[in-house]
Amino acid sequence: MLTAPKSSVAKKETGVVKRKAILLDVDYRIKDEKTVVRLLMKGKRLFRLYDYYEPYFYVDAPKSAEKEIMAVKAIGRDRQVSPTRCERVKMNVLGVEKEIWKVFCERPYDVPHVSAAIAAMKHPCYENNIPFGRRYLIDRDLTPFMKIIYEREGKFIKRIIAKKDAAVQLRTMAYDIETYNPKGMPRPDKDEIIMISYEFGGKRFVLTSKKIDRDFVVYCKDEREMIKKFLEAIKENDVEVLLGYNDTVFDLPYLKARADVNGIDFSIGRDGSSFRVRRQGIRDVAEITGRIHIDLYPLVRFMGFIGAFKISKYTLENAYEELTGKKKLMVVKLEIWKMWDDPKLAPLLADYSRFDSVATMEIGNVLLPSQIEMSRVTRLPLFDTANATAGQLVESLLMHKSAQYKTIIPNKPDDAMAQERELGPIKGAFVKLPQPGIYENMVVFDFRGLYPSIITAHNIDPFTLNPPASVPDSDCYISPNGHRFKKTPRGLIPTVLEEILQVRGALKTQLKKIEKDTPEYEMLFARQQSLKILANSYYGYLAYPRSRWYSRDCGESVTAWGRHFIQDTIDKGEKTGFNVLYGDTDSIFLLMGKKSKDDAMQFMKKINAELPGDMELELEGFYPRGVFVTKKNAEGAGAKKKYALIGEDGRIKIRGFELVRRDWSAVAKNTQRGVLEAILKHGSKEMAVKVVKDMIVRLKEGKVPLEELTIYTQMKKDPRKYDIKSPEVSAAQKGIAAGMQIEKGSMIGYVITKTGKTISEKAYVVEMAKDYDPNYYIDNQILPSVLKILKELGYSEDDLKFKGEQKGLEQFF
DNA sequence: TAATTCGCTAGACCGA
DNA sequence: TCGGTCTAGCGAA
């Protein structure tokens, strides 16, 4: 099955040895005009295994087209290229079983050129843009982090005997650099690196060219020696995973530039090579040969983006605090170069430097277990997983499964097609309008994994959709909007989803047997969390315009069924005698009234008895008290996606309120929290009012530190490309004028000061702010965030009209 | 050229 | 000076 090179085939049979090792990564090289795949394996140490493998793609063309195909000549990367050979294969092509051509090329990068030439002859081409390393893993059915038992001959794989799940411990190093920066931004051609810190195997070091009295400091005579020692540490420790924080953009290029200045090779790769920066989607990734380089900064941002966790700002210190729950090391707020130049402060700088790599390592400890699990599940190597988009994660597993079923992987849509798909958005979920008020005794149910379970329960897939009229309705699931999905055979997407849900189910069972707050529990929890994220992404992928498996009808059907089930459950709740207060997508909030918990559970049971497939309504919890507020500018109507509940255990669950938003100041958020706690925990409106009053007094006295007044907003666009000069844009522009580095994606922290007329004029980035405008914070931050809640405590509309007038305020309190 | 849609809110902007 | 509309960001699910 595996092609060995001619030379090794000729060797004696005794040259074949049985071995086992764990697969970490894959790439390829061209050797003697042939493509050879290189597998990065972990045995006692890391090593490479080789395998010759031919690149190919598919052409949907009749048998008679063979000569035409073989005659194709295209201009490749550096020479004229043609197919090397082709063969007839049987495949399922977009739902139809047929014979098509499998066309081989010499090198992977010939494939796009040859296939483009064939596509120009009006023969559809498929699987012509799959990265070759992944092509190999798909065809060999290999999974990263699996232990592979194989026979080898020299450096080449002869035969794979078995594959097993394996625990893996990776040799991980985290690092960080400090640079001398008297001019603000350090200049790589002039400003030296003054410290390199790293952590490996529980030990922490700071390499530096100053003699500093700290036991973790390693003195180097100059920058050159510092860089050399760092590279040696990587090499000697045989580092497998290198962690940095924003190091693709800063540390790595800086180290390389300084290595150049010092006349040394920046040989960070296992083979002595430097790193390579590659554009992936909208961000750059840095690859290091033979090691897995992970920049945690884009990963943290990605996890925040998809909702795995919430982080207010993405600095290393903040990510560390919010992900680990630990406190950051406080340092004297002084520029790094000043600390370096001051003999008294240099040791503190060393502490600070050391902390940065410790923080990086700890963030890695939090994120890596779920990344490794994600890699196993999606079959994308760890490096690719850590840099993948949600679409790529979903797609990867589908591509593997598709190949196993001898089914062509659908092509990505071209731009025109993607744009067309973007035109009419798919109707989404149902949200019930709540009646504002303070309520007692509620029960909340939600559908466990609503969209995934709808997909598996109704076999929703682009290729089970709309079977021919000869398939009777009784053999189909028919969505509320009339689309038919045949019941058998199972579609690819439902099959894959089921597998994910099954693995997650097993993990959750395992979790129940493990003590909470142990490292093992945390790790397994992270794993099941990543599976949940993955499962929940499948619906989004179906509706994603650039998806290979896009289907408007499928997407519409998922949400239509979603609306159907939630509304049906609401109706049944009402009929059973519950007052249904609220519901959003997959959840319903019932007022218990005179009903018992037992009645509630009976209701849930009854609903579950009628649900298809793996769909299930779960108890989310009982809540003794909850607050729903009115919507602004909508007389008396309730606000959706905004509520606060207190559980039986006293824990408060808050959704949508300003207090959970990062674009509100801490003073407003803390005040709102105080008010909600007063109501929910203590049922005391006096206490609620006091919280507000106290904060207003503090603000007026001018005693509130700027930290509590800072409003954070992300610049989602290039700072110059805004139509409107909003406060954050205005603050950013002033920052840029003062020499700050602010670009697309930057988080702007600004304060409303006393200088200027409009709010935007008054907005200054926190670093530049000297004072604050108490009236703004009282009228535009504190009051709007608490008035709607106080109103539910019985303060009439008229009482609240004083807004902005200090006289009225005094009256109120 | 980051999976989806639904929903709230602020502050700028614009014309009466 | 006002009220309506639009841009923009963020959160819920």
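Before reading on, note that the structure itself is shown above.
Residues numbered from 1 in each chain as written. Chains lettered and ligands numbered in written order. Predicted model: local features only at pLDDT ≥ 70, side-chain atom pairs only at ≥ 80, totals over all residues. Heavy atoms only, no water.

**Q** Would you take a moment to explain the packing of aromatic side chains for this structure?
**A** Aromatic ring pairs are described here by two measures, namely the spacing of the ring centres and the angle between the planes. Following the criterion strictly, the structure yields 30 aromatic pairs and no others. Against the face of Tyr52 rests Lys34, its NZ or CZ located 5.3 Å from the ring centre. (Phe/Tyr/Trp six-rings, centres within 6.5 Å; stacked < 30°, edge-to-face > 60°. Lys NZ or Arg CZ within 6 Å of the ring centre and 35° of its normal.)

**Q** For this particular structure, what's the right way to read the state of the cysteines?
**A** Here is the idea: a disulfide is a covalent bond, and it sits between the sulfur atoms of two cysteines. One pass over the structure, following the stated rule, counts 0 disulfides. Here Cys105 stays free of any disulfide, with the sulfur of Cys125 as its closest cysteine sulfur at 10 Å. (Disulfide = S-S within 2.5 Å.)

**Q** Explanation requested: the nonpolar core in the structure shown.
**A** Generally speaking, nonpolar side chains in soluble globular proteins are found buried as a group. By size, the foremost hydrophobic cluster in this structure holds 100 residues, and its most contacted members are Ile294, Val300, Ile363 and Tyr538. Broken down by element, this core gets its largest block of residues, 10 residues, from helix α16 (residues 519–542). Contacts of Ile363, omitting those with residues within four sequence positions, involve Tyr245, Leu296, Val300, Leu316, Ala319, Tyr320 and Leu323. Among the nonpolar cores identified, the runner-up in size contains 46 residues, and Ala644, Ala678, Val704 and Ile782 belong to it. (Core = buried A, V, L, I, M, F, W, Y, C linked by side-chain atoms within 4.5 Å. Buried < 20%, exposed > 50% of the residue type's maximum accessible area, 1.4 Å probe, protein only. Helix = DSSP H or I, 4+ residues; strand = E, 2+ residues; numbered from the N terminus. Contact = heavy atoms within 4.5 Å.)

**Q** How should the protein's contact with DNA strand B be read in this particular structure?
**A** The local shell around DNA strand B holds 34 residues, among which Lys631, Lys640, Ser760, Tyr776 and Asn780 are the closest. A share of 84% of the atoms of DNA strand B within 4 Å of the protein falls on sugar and phosphate groups. Here a sugar or linking oxygen of DNA strand B and a backbone polar atom of Gly428 are 2.9 Å apart. Contact distances for DNA strand B include 2.7 Å between a phosphate oxygen and a side-chain N or O atom of Ser760. Elements with a minimum of two residues in the surface near DNA strand B: α12 (390–404), α16, β27 (638–646), α22 (759–762) and α23 (774–792). Looking at the surface near DNA strand B, the element that brings in the most residues is α23, giving 4 residues. (Near = heavy atom within 4 Å. Polar contact = N/O pair within 3.5 Å; in protein donor to acceptor, adjacent residues only side chain to side chain.)

**Q** I keep staring at the environment of Pro55 and nothing clicks. Help me out?
**A** As for its placement among the helices and strands, Pro55 is situated in the loop between β3 (46–52) and β4 (56–59). Sequence separation between Pro55 and Val697 is 642 residues, and the spatial gap between their C-alpha atoms is 72 Å. Leave out the neighbours within four places in its chain, and Pro55 touches Thr35, Val103, Phe104, Cys105, Glu106, Arg107, Pro108, Val111 and Phe132.

**Q** What is the right way to look at the pattern of salt bridges in this model?
**A** Where charged atoms from two side chains of opposite charge come close, those side chains can pair. Scanning the model with the defined rule gives 57 salt bridges in all. One salt bridge in this structure joins Glu151 and Arg159, with 3.2 Å as the shortest N-O distance. The partner of Glu616 in a salt bridge is Arg448, and the shortest N-O contact between them spans 2.9 Å. Of the two residues, Glu616 sits in the loop between α18 (597–610) and β26 (617–630) while Arg448 sits in the loop between β21 (437–447) and α14 (450–457), which places them 168 residues apart along the sequence. The exposure class of Glu616 is partly exposed, given its relative accessible area of 31%. We classify Arg448 as partly exposed; its relative accessible area is 31%. In this structure, a network of salt bridges that share partners links the residues Asp27, Arg29, Arg38 and Arg48. (Salt bridge = Lys/Arg side-chain N within 4 Å of Asp/Glu carboxyl O.)

**Q** Explain α18 to me, please; I cannot follow it from the model alone.
**A** Residues separated by three or four positions in an α-helix point in the same direction, a consequence of the helix having 3.6 residues per turn. For α18, with 14 residues, the first-to-last C-alpha span of 21 Å sits near the 20 Å given by 1.5 Å per residue. The secondary structure elements touched by the buried residues of α18 are β21, α17 (552–576), β25 (587–591) and β26. (Expected span 1.5 Å × (residues − 1).)

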